[in-house]
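Here is how the chains run, residue by residue.
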Amino acid sequence: MALNTSADAPLPVGEVSRLIGGWIDRLGAVWVEGQITQLSRRPGAGVVFLTLRDPSYDISVSVTCYRQVFEAVADVVTEGARVVVLAKPEWYAPRGQLSLRATEIKPVGVGELLARLEQLKKSLASEGLFAADRKKALPFLPQLIGLVCGRASAAERDVLENARHRWPAVRFEVRNVPVQGVHAVPQVVQAVKELDALDTVDVIIVARGGGSVEDLLPFSDEQLVRAVSACRTPVVSAIGHEPDNPLLDFVADLRASTPTDAAKKVVPDVGEEYERVRLLRDRARRSVQSFIDREERGLAHALARPSMEDPHRMVDERAGQVTALLDRGRRTLGHLLDRADSELTHTHARVVALSPAATLRRGYAVLQKADGHVVRDPDEVAAGEALRARVAEGEFTVRVDA
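Below: a short report on this structure.

Cut-off values and rules
- Residues numbered from 1 in each chain as written.
- Predicted model: local features only at pLDDT ≥ 70, side-chain atom pairs only at ≥ 80, totals over all residues.
- Heavy atoms only, no water.
- Pairing = 2+ DSSP bridges.
- Helix = DSSP H or I, 4+ residues; strand = E, 2+ residues; numbered from the N terminus.
- Axes fitted to C-alpha atoms, helices over the stretch in contact; angles between N-to-C directions.
- Phe/Tyr/Trp six-rings, centres within 6.5 Å; stacked < 30°, edge-to-face > 60°.
- Lys NZ or Arg CZ within 6 Å of the ring centre and 35° of its normal.
- Parallel < 35°, antiparallel > 145°, perpendicular 65-115°, else oblique.
- Left-handed = near helix turned anticlockwise from the far one by under 90°.
- Contact = heavy atoms within 4.5 Å.
- Salt bridge = Lys/Arg side-chain N within 4 Å of Asp/Glu carboxyl O.
- Buried < 20%, exposed > 50% of the residue type's maximum accessible area, 1.4 Å probe, protein only.
- Expected span 1.5 Å × (residues − 1).
- Arc of directions from axis to C-beta.
- Polar contact = N/O pair within 3.5 Å; in protein donor to acceptor, adjacent residues only side chain to side chain.
- Patch = residues over 30% accessible without salt bridge, like charges linked within 9 Å, V, L, I, M, F, W, Y side chains within 5 Å.
- Areas by Shrake-Rupley, 256 points an atom, 1.4 Å probe, with all protein chains shown as cover.
- Disulfide = S-S within 2.5 Å.

Taken together, five strands build an open sheet; the order of strands is β7-β6-β8-β9-β10 and the sheet is parallel. Of all strands in the sheet, those with a lone pairing partner are β7 (171–176) and β10 (254–255), marking the two edges. Pairing of strand β6 (residues 144–149) with β7, which is carried by six bridges, proceeds in the parallel orientation. Paired with L147 across the bridge in β7 is V174.

Below is the structure:
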């Protein structure tokens with residue numbers, strides 16, 4: 001319950017400590033899971049002291065137990081082991097310190113750890129953290145690579161040496177952190193976040209050599225998986241393990257079997273790229289040369305055509321045809337004109353032969369009255385009537401005799 005205190009009526013420290021102890025004493029026993037970071041077993045002492053730490057967070061609590069409680073698991077529990085303890089919270093008033101009094105300790109076996117990891121894997125997968133469409137493509141040639149690994153570790157050496165051997169100009173931003181133990185998860189998460197915040201980092205590699213299932217547990221931690229999932233920079237998991245896969249492999253944008261494999265997948269080989277460029281250049285040269293050769297053959301074939309070898313040949317052939325047709329037209333027209341002239345001559349001759357003038361030249365005369373009417377019948381004239389007589393060479397006047 002709330003206490004009525006003020007600056008004028010404060011509670012003594014001892015009273016506050018007593019009250020806190022009273023509240024804590026009312027708490028029941030709880031099962032607590034954690035990792036043992038410190039273990040103190042003094043010879044002859046009846047109490048064993050240990051520190052239990054949460055692997056995902058920088059939180060720890062002191063645990064005490066009677067020697068006979070710890071002796072039951074002493075053969076399998078050491079520093080770094082994961083355990084589950086049944087303990088009751090206790091408050092040590094003189095020093096104001098909270099601790100847990102354990103009455104039972106159970107080591108967390110590998111099978112149980114794997115079962116929990118499988119359950120966590122299914123839970124994270126159902127959220128879509130492992131979906132393929134979330135994977136980001138790695139850049140072809142990263143200028144700056146972020147590397148999270150153990151200090152002076154074989155994994156760091158393998159990544160740096162292989163990457164620089166493949167592409168000497170590549171640069172690294174290295175973060176050395178613990179890769180196992182109780183401090184691994186928060187420091188690895190912090191290193192990944194720091195590298196992801198750098199705009200110059202193109203890809204992040206989280207590397208570590210092989211190890212037991214317990215050693216690799218930090219890379220299956222939910223906090224680390226979610227931190228990698230939230231990264232905007234592509235992340236490569238390079239944990240040297242083959243039988244088992246930590247959850248980091250599933251959330252990372254690319255999984256490499258070893259740190260060396262990560263260097264090979266992230267950094268292109270300069271020799272291979274030179275060879276690829278040479279092959280592409282040769283291929284392009286052959287394609288261009290083939291195109292030029294094909295066009296030259298087409299041009300030569302076009303130039304070999306008669307119309308191209310002698311452009312005026314067609315014109316000359318048509319000119320000859322036009323000349324022949326013109327001559328033929330002239331001959332035809334000449335024949336027609338000659339035939340028409342002959343027919344005209346015959347017609348003229350017939351016309352001349354049948355004309356009145358020809359008749360007059362044969363001695364005939366045409367008599368006409370004064371009005372020009374031709375006399376055809378003697379009854380048409382009267383005695384003494386003057387008539388005109390027209391002959392071949394002219395005309396004269398005659399008078400009718402009664």
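Attention shifts here to the sheet that holds strand β12 (residues 386–391). Spatial strand order, β11-β12-β13: three strands in an open sheet with antiparallel pairing. If you trace the sheet from one side to the other, it starts and ends with β11 (366–368) and β13 (394–399), each paired once. This sheet shows a mean twist of 30° between the axes of neighbouring strands, independent of strand direction. Bridge analysis of β11 against β12 gives three bridges, and the strand direction is antiparallel. Among the inter-strand pairings, Q368 is bridged to a residue of β12, identified as R388.

One pass over the full model with this rule turns up one aromatic pair. Directly above the aromatic system of Y66 lies the positively charged group of R101, at a separation of 5.0 Å from the ring centroid.

Consecutive side chains along a regular strand alternate between the two faces of the sheet. Here β12 runs beside β13; their pairing, made up of six bridges, is antiparallel. From the neighbouring strand, A389 faces β13, where its bridge partner is F396. Joining the antiparallel neighbours β12 and β13 is a turn of two residues.

At their nearest, the axes of helix α4 (residues 154–166) and helix α8 (residues 259–266) sit 8 Å apart, and the two run at 30° to each other. Relative to α8, α4 is oriented roughly parallel. For the element pair α4 and α8, the recorded crossing hand is right-handed. On the side of α4, the interface is formed by A155, D158, V159, N162, A163 and R166, while α8 contributes P259, T260, A263 and K264.

All right, on to the pattern of salt bridges then. As enumerated under the stated definition, the model contains 20 salt bridges in all. Of the charged contacts, one joins R41 and E71 as a salt bridge, the two residues approaching to 3.0 Å between their closest N and O atoms. With a gap of 30 residues between them, R41 in the loop between β1 (30–40) and β2 (47–54) and E71 in helix α2 (residues 67–71) connect regions that are remote in the sequence. What makes R41 partly exposed here is its relative accessible area of 37%. Residue classification places E71 among the partly exposed residues on the basis of a relative accessible area of 35%. The residue E395 makes a salt bridge to R388 at a minimum N-O spacing of 3.3 Å. Relative accessible area serves as the criterion here: at 31%, R388 is assigned to the partly exposed category.

When the terminal C-alpha atoms of helix α5 (residues 184–197) are compared, their 20 Å separation across 14 residues agrees well with the 20 Å that a helix rising 1.5 Å per residue should span. Of the residues making up α5, those classed as buried are A184, V185, V188, V189, A191, V192, L195 and D196. The arc that holds the buried residues of α5, viewed along the axis, is 160°, so those residues lie on one side. Among the exposed residues of α5, those pointing more than 90 degrees away from its buried face are K193 and A197. Those residues of α5 that are buried are in contact with β6, β7, β8 (203–208) and α6 (222–229).

Of the residues making up α6, those classed as buried are L224, V225, A227, V228 and S229. Near the N-terminus of α6, the side chain that reaches the backbone nitrogen of Q223, with its oxygen 2.8 Å away, is that of D221.

Taken together, the side chains of L3, L11, V16 and W23 define a hydrophobic patch exposed on the protein surface, amounting to about 320 Å² of accessible area. Tracing the sequence through the fold places L11 in the segment before α1 (13–25). According to the relative accessible area criterion, L11 is partly exposed, its value standing at 35%.

Under the criterion given, the structure shown has zero disulfides. Cysteine C231 shares no disulfide, and the gap to the nearest cysteine sulfur, in C149, comes to 16 Å.

Without other data, these values stay purely geometric and don't point to any function.
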